[in-house]
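This is what each chain is made of:
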Protein chains: 2
Amino acid sequence: MSDHIVSAFSEELEQLSADLLRMGGIAESMISDACRALITSDLQLAHETVDRDGLVDDMEADIEQRIVRLLALRQPMASDLRAVVAALKVSSDLERIGDLSKNIAKRVDEVSGCDVGGALKGIERMGRAVSAQLNDVLDSYSEANAAMALHVWNSDEDIDQHYNSLFREVITYMMEDPRMIGAGAHLMFIAKNLERVGDHCTNIAEIVHYQVTGDYLASNERPKAPLLGNG
Amino acid sequence: MSDHIVSAFSEELEQLSADLLRMGGIAESMISDACRALITSDLQLAHETVDRDGLVDDMEADIEQRIVRLLALRQPMASDLRAVVAALKVSSDLERIGDLSKNIAKRVDEVSGCDVGGALKGIERMGRAVSAQLNDVLDSYSEANAAMALHVWNSDEDIDQHYNSLFREVITYMMEDPRMIGAGAHLMFIAKNLERVGDHCTNIAEIVHYQVTGDYLASNERPKAPLLGNG
């Protein structure tokens, strides 16, 4: 590529990364707001969080269209091509994180007012852990830091352990008081959604690691806690 | 592109589509085998289904690498580029369908032997409906048939209604007999997984429709049943 084409490509790629990070920031705010709305029974915040998902969806569609245009016009090679494909995949993971957070926010109304005891504390802790994972993996993307990506990838086990202890706790509540079964079912799906946000962070960590080093992380070598209620 | 390059590109794209359809066929077998293993308490079939997911993962990784190579070497434009990006996205949806089916198969052991009454019949019906959706959307991909893709897209509402009636039924079982709560929780996750396979079929339908017509299907115009236990 001639110099001015190279520079136009770099600029577009930088703009794309910046928008991806902004999209990641919105997804991050959705997770923490969905959890906060749940814990404080704040229906207004829950609605706002649900609405924010449209923005994330629009950003994903926009990023995808720009990537297709970028591929067509600039025809990047080697590491540039790897960066473009990585951006496409990361945007799809972020869009799913938005969906999962929206789904948590939609359940606030169903759980609100039920005495589900300590389970909400567990959700709060798990939500914080998952938000931290997303924050770290977005930093690793922004800084092209493979070591940080690897760290996120290795700590998904902690999220799984949060999930397991919540699953046990909720089942116990439901058994002790069958009137809690409806709210308990929602709490289990909420915990599962957070666990899946953790999985998407792991995906992003794999993408960043590959983009930076060219090496695939092997899923079967990742430390994992056997998931309860997950087979 | 010169003639022989065009023809090499078409051949590679055809091979890619063929492999994608083969991957789809394996994912389809995984859904129906996971449901059959559940209904007949066949642990052997459940294990085989879990193992098959590795194959789907490997196929996705292989397809992705070939697509990146295709983009780099052939630098496709316009509709060819759209076809390559579509293949990349479809393979990611199929990989998730494999994951979800594996997750159902992993739960067979937990539900096996529990008297969960009519709920298994409901899972069987829902599994059949979801398999039919996947079958139809793969046909629409193979035939580049936008009308068929639109049909799949419009019938996701039926899957949602299957899910709602199962959710109600399982909650009732759990309330009537708290010893069913553990197995009931697994059944709810199984129903949720099938509902999500339906969502991935809808995604694929949107990709096919866009690839063939160049028009986006707007998610907010799709007929939807409000999901119970889904906020």
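In this text the structure is predicted, and so the values were computed from the model without any measurement.

**Details of the interface of chain B and chain A**
No. 1: The interface is formed by 35 residues belonging to chain B together with 35 residues belonging to chain A.
No. 2: Summed over both sides, the interface of chain B with chain A buries roughly 3,300 Å², with 65% coming from carbon and sulfur.
No. 3: The tally of links from chain B across to chain A stands at 2 salt bridges.
No. 4: One salt bridge in this structure joins A:K89 and B:E64, with 2.5 Å as the shortest N-O distance.
No. 5: Where chain B packs against chain A, one counts 3 residue pairs in polar contact (both at pLDDT 80 or more).
No. 6: Broken down by secondary-structure element, the contributors of at least two residues to the side of chain B that touches chain A are helix 2 (43-74), helix 3 (78-106), helix 7 (156-176) and helix 8 (181-213) of chain B.
No. 7: With 10 residues, helix 8 of chain B is the single largest residue contributor to the side of chain B that touches chain A.
No. 8: Tallied by class, the residues present in the side of chain B that touches chain A amount to 18 nonpolar, 10 polar and 7 charged.

**Overview of the state of the cysteines**
All names here are of chain A.
No. 1: Overall, the coordinates contain 0 disulfides over all chains when judged by the stated rule.
No. 2: Free of any disulfide, C201 has its nearest cysteine sulfur in C35, 12 Å distant.
No. 3: Residue classification places C201 among the buried residues on the basis of a relative accessible area of 0%.

**Brief notes about unusual backbone geometry**
Residues and elements named next belong to chain B.
No. 1: A positive phi is found at S41, a non-glycine position, where the angle reads about 50°.
No. 2: Relative to the helices and strands, S41 is located in the loop between helix 1 (3-39) and helix 2.
No. 3: What makes S41 partly exposed here is its relative accessible area of 35%.
No. 4: For A144, which is not a glycine, the phi torsion comes out positive at approximately 45°.
No. 5: With respect to the helices and strands, A144 occurs in the loop between helix 5 (119-142) and helix 6 (146-154).

**Details of helix 7 (residues 181-213) of chain A**
Residues and elements named next belong to chain A.
No. 1: Taking 1.5 Å as the rise per residue, helix 7 with 33 residues should run 48 Å; its terminal C-alpha atoms sit 48 Å apart, in good agreement.
No. 2: Taken across its 33 residues, helix 7 has 25 buried, putting it largely inside the fold.
No. 3: Immediately downstream of helix 7, the backbone of G214 shows phi near 80°, a positive value.

**Brief notes about the confidence of the model for chain A**
Residue and element names in this part refer to chain A.
No. 1: Taken over all residues, the pLDDT of chain A has a mean of 90, while the share at 70 or more is 94%.
No. 2: Element-level mean pLDDT values for chain A span from 90 in helix 6 (residues 156-176) up to 96 in helix 5 (residues 146-154).
No. 3: Listed scores for the predicted complex are pTM 0.86 and ipTM 0.77.

**What about the packing of aromatic side chains?**
No. 1: In the structure shown here, the tally under the stated rule is 3 aromatic pairs over all chains.
No. 2: Judged by centre distance (6.1 Å) and plane angle (40°), the ring pair of A:Y163 and A:F167 falls under tilted. Within this pair, A:Y163 and its partner A:F167 are both found in helix 6, separated by 4 residues, close to a single helical turn. Both residues of the pair, A:Y163 and A:F167, belong to the buried class.
No. 3: Centroid distance A:F189 to B:F189: 5.3 Å. Interplanar angle 75°. Geometry classified as edge-to-face. Of the two residues, A:F189 is situated in helix 7 and B:F189 in helix 8; the pairing between them involves two chains.
No. 4: If you follow B:R82 out to its NZ or CZ, it ends over the ring of B:Y210, 5.5 Å from the centre.
No. 5: Over the ring of B:Y163 we find B:K192, and its NZ or CZ is 5.0 Å from the ring centre.

Cut-off values and rules
Residues numbered from 1 in each chain as written. Chains lettered and ligands numbered in written order. Predicted model: local features only at pLDDT ≥ 70, side-chain atom pairs only at ≥ 80, totals over all residues. Heavy atoms only, no water. Contact = heavy atoms within 4.5 Å. Buried area = accessible area lost by both parts, 1.4 Å probe. Salt bridge = Lys/Arg side-chain N within 4 Å of Asp/Glu carboxyl O. Polar contact = N/O pair within 3.5 Å; in protein donor to acceptor, adjacent residues only side chain to side chain. Helix = DSSP H or I, 4+ residues; strand = E, 2+ residues; numbered from the N terminus. Nonpolar A, V, L, I, M, F, W, Y, C, P; charged D, E, K, R; others polar. Disulfide = S-S within 2.5 Å. Buried < 20%, exposed > 50% of the residue type's maximum accessible area, 1.4 Å probe, protein only. Expected span 1.5 Å × (residues − 1). pLDDT = per-residue confidence, 0-100. Phe/Tyr/Trp six-rings, centres within 6.5 Å; stacked < 30°, edge-to-face > 60°. Lys NZ or Arg CZ within 6 Å of the ring centre and 35° of its normal.

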